[in-house]
Amino acid sequence: MKKLPTLALFASCTGFALMACSSGSTSSVAVAADDAGSVTLTDAGSGASTTTSWYAQGKPFVDRYCRSCHGGEGPGTGDFTSYENVSALAQSMLAAVTTKRMPPGASDPACRDYMNSDRRFVSDADRASFAQWIAEGTPKGSPAGEQEVPLIDETIANPDLVIKAAAPYAPTFSNPSEPGNEYRCFALRPGLTSDKYITELGPILDKRSMVHHIVAYRIDPAHLPVAAQSYPENGWSCIDMVNAGVNPGSNPLTGDGMLVAWAPGTGAFKFPQGTGLLLKSTDVVVLQIHYFESNKQPAGTADQTAFAMKLEDSVTSKLLIAPVGKTGFTIPAGDANYSFKGSFGPLPVALKIYGTMPHMHVLGKSYELKVDNGDGTGACVAKSDRYEFANQVTYLFKEPVVVQPGAKVDFTCTWDNSAANPKQLHTPPADVPYGERTDQEMCYAFTILGIGN
Ligand code: HEC
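So, here's what we can say about the structure. Numbering of residues starts from 1 in each chain and follows the order in which that chain's sequence is written. Confidence filtering applies because this is a predicted model: local features only for residues at pLDDT of at least 70, side-chain atom pairs given and counted only at 80 or more, and all residues used for totals across whole chains, interfaces and linings. Hydrogens and waters are ignored; side-chain quantities use all the structure's heavy atoms.

Description of the layout of surface pockets
Item 1. Think of a 1 Å grid over just the protein atoms. A cavity is a set of points where a 1.4 Å probe fits yet cannot get out, a pocket is an open set with protein on both sides within 12 Å along at least five of seven lines, and lining residues have an atom within 4 Å of a point. Grid points are joined across faces, edges and corners, and a volume is the space filled by probe spheres set on the points. Taken as a whole, the largest pocket holds about 990 Å³ of empty space.
Item 2. Lining the largest pocket are 42 residues, with His70, Pro75, Gly76, Thr77 and Met102 positioned closest to its centre.
Item 3. When residues of the lining of the largest pocket are traced back to their parent elements, those giving at least two are helix H1 (54-65), helix H2 (67-70) and helix H3 (83-98).
Item 4. In this description a helix means any DSSP run of H or I spanning at least four residues, a strand means any run of E spanning at least two, and both kinds are numbered starting from the N terminus. No other element matches H3, which puts five residues into the lining of the largest pocket.
Item 5. Considering only residue class, the lining of the largest pocket consists of 19 nonpolar, 13 polar and 10 charged. When residues are grouped by polarity, Ala, Val, Leu, Ile, Met, Phe, Trp, Tyr, Cys and Pro land in nonpolar, Asp, Glu, Lys and Arg in charged, and all others, Gly among them, in polar.

Right, dumping it as structure tokens:
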């Protein structure tokens, strides 16, 4: 199988002209990228003087859009924190941005805005000024007047609970079907004496360059897979949700479920005031960590990444994670654009949607989560035409979506099961049914809900 984190999306690429936006300059730069991703820049203006600098255009751009993954210790290739590196890599960085391979695909904030969305899509003005800086030969300039772009806040101040494996674990990357990748689960007992509500949670990353993403689940210990029942210090292999111990279709009111999915660029989860996710005193927390082989760490490096939480005894609105979607589909072999819709509802009560984590497997290419009021009106909740299995995150909305009784919430998944899809696992393509294994497909938006409006 292909190394999973290889982003092989071929966005359609057209040349476009960018007006330089720095004051006092009237030059314009034409940027054209071909499908192979190589970029040509032509300075069409006077071109005499330099108007840009690393401190004013280069560094703020990479800090805003790239640093959460390419900041030396992140999972992205290369270290974009130094001027020398960025200057040397500038052409390929601009190609990745112009062809929209980078930053990786995410839900479209024009559908609904969410936390840190401004870091996931490069604005036209910022791309133009970055291109201009490259066209001028990446001048370093002077640090005077540098605009600091803060790091995305991942920290939970004074956590009440830290969930951490008993010992550091060194991934072996030895599964031949997953070269360079390892999915490892750790079952951890929070040791609570009474039921609590999680109001904030966030990762404490140990070896950042190895951790591609983390999913936290809460699970009834009776449902743990056999391999986990002795709570092995070194965890167990668990590429799928079912191997982690979760039945994705279980009743969200009572059943096991996901808490959140975190990946670089997501930040800490801070739920709105008065809301929280239930953590029963009997629950086990499973951390499913996707490790990724990186040349930034010597082979055999061990990691002990943890999750921190703030807990409350009670909340005014209990949050639930509802799997919106459906089983029972088969994606025909060779179909490059097969869609399937699952619905939640019609709802007997009003709901608020606080966030969602869209989930398909490697053939997933686009999705849409929307409210259908049944009278021709509705609302977009999450939508992307660049779904990437390697970049699954939970989107926490800036404002909750209010859904009235009688409405439905629909989730539509679209897959590319053609031979031309670089992520295709079958040669030749085969019919792909619903299933929790990676070579099968799923179609769920794990949606954070509160009951009532
Ligand atoms: C959410 C994480 C993330 C963010 C944000 C991100 N990258 Fe990446 N990037 C990756 C990962 C992971 C890889 C390595 C594997 C791959 O190609 O998918 C990568 C690979 C690359 C590569 C080499 C492969 C290619 O497609 O050319 C370039 C160049 C790149 N990124 C540029 C950028 C730039 C420029 C930004 C900011 C505008 C950025 N990335 C933002 C995760 C990210």
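The structure having been displayed, the exposition proceeds.
With respect to unusual backbone geometry
Most peptide bonds adopt trans geometry, and most residues besides glycine take a negative phi value.
Item 1. Cis geometry marks the peptide bond from glycine 345 to proline 346; its omega dihedral reads 5°.
Item 2. With phi around 45°, threonine 138 is a residue other than glycine that occupies positive phi space.
Item 3. Examined against the element boundaries, threonine 138 turns out to sit in the loop between helix H4 (124-135) and strand E4 (161-164).
Item 4. Overall, threonine 138 belongs to the buried group, its relative accessible area being 7%.
Item 5. One non-glycine residue, asparagine 158, lies in the positive phi region at around 45°.
Item 6. Checked against the element boundaries, asparagine 158 lands in the loop between H4 and E4. The cut-offs for exposure are 20% and 50% of the maximum accessible area for each residue type, with area from a 1.4 Å probe on protein chains only; residues under the lower value are buried, those over the upper are exposed, and the others partly exposed.

Some words on the pattern of salt bridges
Item 1. We define a salt bridge as a contact between a side-chain nitrogen of Lys or Arg and a carboxyl oxygen of Asp or Glu at a distance within 4 Å. One pass over the structure, following the stated rule, counts 16 salt bridges.
Item 2. Of the charged contacts in the structure, one is a salt bridge between aspartate 313 and lysine 196, with a shortest N-O distance of 2.5 Å. Of this pair, aspartate 313 sits in the loop between strand E13 (306-312) and strand E14 (317-325) while lysine 196 is found in strand E6 (residues 196-204), placing the two residues 117 residues apart along the sequence.
Item 3. Overall, lysine 196 belongs to the buried group, its relative accessible area being 19%.
Item 4. Taken together, the salt bridges that share partners define one network made up of Lys59, Asp63, Arg67 and Glu146.

Concerning the packing of aromatic side chains
Item 1. Centre distance within 6.5 Å is the pairing criterion for rings of Phe, Tyr and Trp, where only the six-membered ring of Trp is used; planes under 30 degrees apart are then read as stacked, over 60 as edge-to-face, and the remainder as tilted. Summed over all chains, the structure comprises 16 aromatic pairs.
Item 2. Here the aromatic rings of tryptophan 54 and tyrosine 83 are separated by 5.7 Å at their centres, their planes lie at 65°, and the arrangement is edge-to-face. In this pair, tryptophan 54 sits in helix H1 while tyrosine 83 sits in helix H3, placing the two residues 29 residues apart along the sequence.
Item 3. The class for tryptophan 54 is buried, based on a relative accessible area of 3%.
Item 4. Both rings, one in tyrosine 169 and one in tyrosine 291, keep their centres 6.2 Å apart while their planes meet at 40°; by these two values the pair is tilted. Of the two residues, tyrosine 169 is situated in the loop between E4 and strand E5 (181-188) and tyrosine 291 in strand E12 (residues 284-292); the sequence distance between them amounts to 122 residues. The pair formed by tyrosine 169 and tyrosine 291 is uniform in burial state, with each residue classed as buried.
Item 5. By the ring-pair criterion, three or more aromatic residues cluster together here, those being Phe329, Tyr338, Phe340, Trp415, Tyr434, Tyr444 and Phe446.
Item 6. Just above the ring of tyrosine 231 sits the side chain of arginine 189; from NZ or CZ to the centre is 3.6 Å. By definition, being over a ring means that NZ of Lys or CZ of Arg is both within 6 Å of the ring centre and within 35 degrees of the ring normal.

Considerations on the environment of aspartate 335
Item 1. Its location among the elements puts aspartate 335 in the loop between strand E15 (330-331) and strand E16 (338-344).
Item 2. Separated by 94 residues in the primary sequence, aspartate 335 and proline 429 have C-alpha atoms spaced 9.0 Å apart.
Item 3. Among the polar contacts made by the side chain of aspartate 335, one reaches the main-chain amide nitrogen of asparagine 337 at a distance of 2.9 Å. Identification of polar contacts relies on pairs of N or O atoms within 3.5 Å, with a donor-acceptor requirement for protein atoms, meaning one able to donate a hydrogen and the other able to accept it, and with residues adjacent in sequence counted only if both atoms are side-chain atoms.

Quick word on the state of the cysteines
Item 1. Two cysteine sulfur atoms make up a disulfide if the distance between them is within 2.5 Å. What the rule picks out here adds up to three disulfides.
Item 2. For cysteine 111, the disulfide goes to cysteine 380, at an S-S distance of 2.1 Å. Handedness of the cysteine 111-cysteine 380 disulfide follows from its S-S torsion of about -105°: it is left-handed. Of this pair, cysteine 111 sits in the loop between H3 and H4 while cysteine 380 sits in strand E19 (residues 378-384), and the two are 269 residues apart along the sequence.
Item 3. Residue cysteine 413 pairs covalently with cysteine 443 via a disulfide, S to S 2.1 Å. An S-S torsion of about 95° defines the bridge between cysteine 413 and cysteine 443 as right-handed. With a gap of 30 residues between them, cysteine 413 in strand E21 (residues 408-415) and cysteine 443 in the loop between strand E22 (432-433) and strand E23 (444-451) connect regions that are remote in the sequence. Here the two residues cysteine 413 and cysteine 443 agree in accessibility, since each one is buried.
Item 4. Each bonded cysteine of the protein is numbered by sequence order, and under that numbering the disulfide pairs are 1-4, 2-3, 5-6.

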